[in-house]
Amino acid sequence: MKWPVRILMAVISTGHDAKYVQMVLLLVVLVFKVGEGNGCISNGQCRYDNGPSPRPHSVSILEFGAVGDGRTINTLAFQNAVFYLRSFADKGGAQLYVPTGRWLTGSFNLTSHLTLFLEKDAIIVGTQDPSQWPVVEPLPSYGRGIELPGGRHRSLISDNGAINGQGSIWWDWVLSHSLNYSRPHLVELVYCKNITISNLTFLDSPDWHIHPVYSSNVHIQNITVHASPNFSYTSGIVPDSCSDVWIEDCTITVGHDAIVLKSGWDKYGILYGRPITNVHISRVELQTSLGSGLAFGSEMSGGVSDIYAEHLRIYDSFTGVKFKTTRGRGGYMKDIVISDVDMENVHTAIEFNGHCGHHPDDQFDPDVLPVISRVTLKKMTGKNITVAGILSGIDGDPFSAVCLSDIKFSVTSNLSWTCSNVQGFSQSVFPEPCPDLQPPYSNSSDLCYSLVGAVF
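Remember, predicted model here, so these are calculated numbers, not experimental data.

### Remarks on the confidence of the model for the chain
Right, on to step 1. Per-residue pLDDT for the chain averages 82, and the proportion of residues at 70 or more is 79%.
Right, on to step 2. Long-range and interchain partners of residues 155–160, a stretch whose pLDDT sits below 50, account for 50 contacts in this model, where long-range means more than four residues apart.

Written out as structure tokens, the structure reads:
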């Protein structure tokens, strides 16, 4: 049995003046205080609340004049409701109840100690009027919008209801080169702490569906993400320069990357210096027509480390697992373990690409090289795989300690593995991998054995 829809902000204010931060929801921005509470520890084990505690105060969006007919703009109703509920932040918090209906809205803010509760078949819908999407400053670790120079459109909010971004019009604008600013995301958590998102359905984001950035203790559980597989520029869950992230029991179907980890872009990410670290991904089903089921980068200049992914099903996808970077990125991807992966109908099962991605401007330094090391992939099976693996590092900057173990792919082509500028080790891998990953040429066996034995 699924629970009613919840977006929980379990926030305990610090002893000093807490800094207000933003959680952007495709048109909806949640602002609340940094706190302390649940979290993960470095071995991948996390602790978290099972769900929001009952709030002592509750109001319905109907009390503020909202109309759930799918045509009426309800931005002012949501703004007024949240303004009223702010007064309960120090009285145990409050709940904003959204009944069944289609609730069209533009941007509005939520506040700390607030539970947004969507009833069965309640759908919050983002308006397709671009004037309702304010332009905000770019993220400091990116320096500009992902797609276009300058700012970016601020990014709207059901096991029973849904959050529908109506992204198709934005996709048309991308294809026609009609945008002046980068597209918004469906959910964006900025400088947030102790967030639970569970039992939700996210549909057709203009860009990324869930984007936690500069945040910690983020738990995403039992959600469904779906966007048209025919549009290649929508991604699912994108943790970005975060720590202690738990993603489990999710189903994601998108055009680009289903789950992708990032940490800033070139010199902006290097200067900001906030890695993505301590992430545990478990029991997810991933499908993407033109991207990767699980990806890393290519914006990874702040670093990627201590990632644990297990029990993944990747099907009907172009790439299964992909690591992306290029010259000028800097940063690192290290101490990553991916285990117990089942693939079916995937073109390329494993890819390491050191020549992937562009730059935010022409001021990047090509001599600033990324470090990719201590990456283990084990216990993987695949049916109807076209290419087992393409591992392509950077000249003068080979990827090292890439470890493959207990892997069996049913490959349909004669080009099972291609390798260059990569060093590592393999055991019990079929088809037989490149010589770069086979004894006696490998010099990484001791390290790989220790990683292959890692326990989740």
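### Here's the deal with the side chain of S298
Right, on to step 1. Turning to its location among the elements, S298 is positioned in the loop between β26 (292–296) and β27 (304–324).
Right, on to step 2. When sequence neighbours within four positions are dropped, the list of residues in contact with S298 reads K262, K324, T325, R329, C356 and G357.

### Details of the pairing of strand β25 (residues 276–288)
Right, on to step 1. For β25, a buried count of 11 out of 13 residues is recorded, marking the element as mostly surrounded by other parts of the structure.
Right, on to step 2. For strand β23 (residues 243–254) and β25, the ladder comprises 10 bridges, and the chain directions are parallel. Each residue of the ladder has a partner; that of S243, found in β25, is T277.
Right, on to step 3. Examined bridge by bridge, β25 and β27 share 9 bridges and lie parallel to one another. Paired with T277 across the bridge in β27 is S305.

### Description of the environment of F78
Right, on to step 1. By the element assignment, F78 lies in helix α1 (residues 75–85).
Right, on to step 2. Relative accessible area serves as the criterion here: at 0%, F78 is assigned to the buried category.
Right, on to step 3. The spatial distance from the C-alpha of F78 to the C-alpha of A66 is 7.7 Å, given a sequence separation of 12 residues.
Right, on to step 4. Setting aside chain neighbours within four positions, we find F78 in contact with I61, L96, V98, W103, T105, F108 and I124.

### Observations regarding the nonpolar core
Right, on to step 1. Counting residues in hydrophobic clusters, the biggest one holds 74 residues, and the most contacted among them are F296 and I338.
Right, on to step 2. Residue contributions to this core peak at 9 residues, all from strand β28 (residues 332–353).
Right, on to step 3. If we ignore the near neighbours within four places in the chain, the residues touching F296 are V260, L261, V304, I307, V321, K322, F323, K324, M333, I336 and I338.
Right, on to step 4. Formed by 19 residues, the second largest nonpolar core is a distinct cluster that contains V59, A77, A94 and W103.

### A look at α1
Right, on to step 1. Of all the residues in α1, the buried ones are T75, A77, F78, A81, V82 and L85. Buried residues of α1, seen end-on, are gathered within an arc of 165° and therefore sit on one face of the element. Counted as exposed and oriented over 90 degrees from the buried face of α1: L76 and F83.

Scoring rules and cut-offs
- Residues numbered from 1 in each chain as written.
- Predicted model: local features only at pLDDT ≥ 70, side-chain atom pairs only at ≥ 80, totals over all residues.
- Heavy atoms only, no water.
- pLDDT = per-residue confidence, 0-100.
- Contact = heavy atoms within 4.5 Å.
- Helix = DSSP H or I, 4+ residues; strand = E, 2+ residues; numbered from the N terminus.
- Buried < 20%, exposed > 50% of the residue type's maximum accessible area, 1.4 Å probe, protein only.
- Pairing = 2+ DSSP bridges.
- Core = buried A, V, L, I, M, F, W, Y, C linked by side-chain atoms within 4.5 Å.
- Arc of directions from axis to C-beta.

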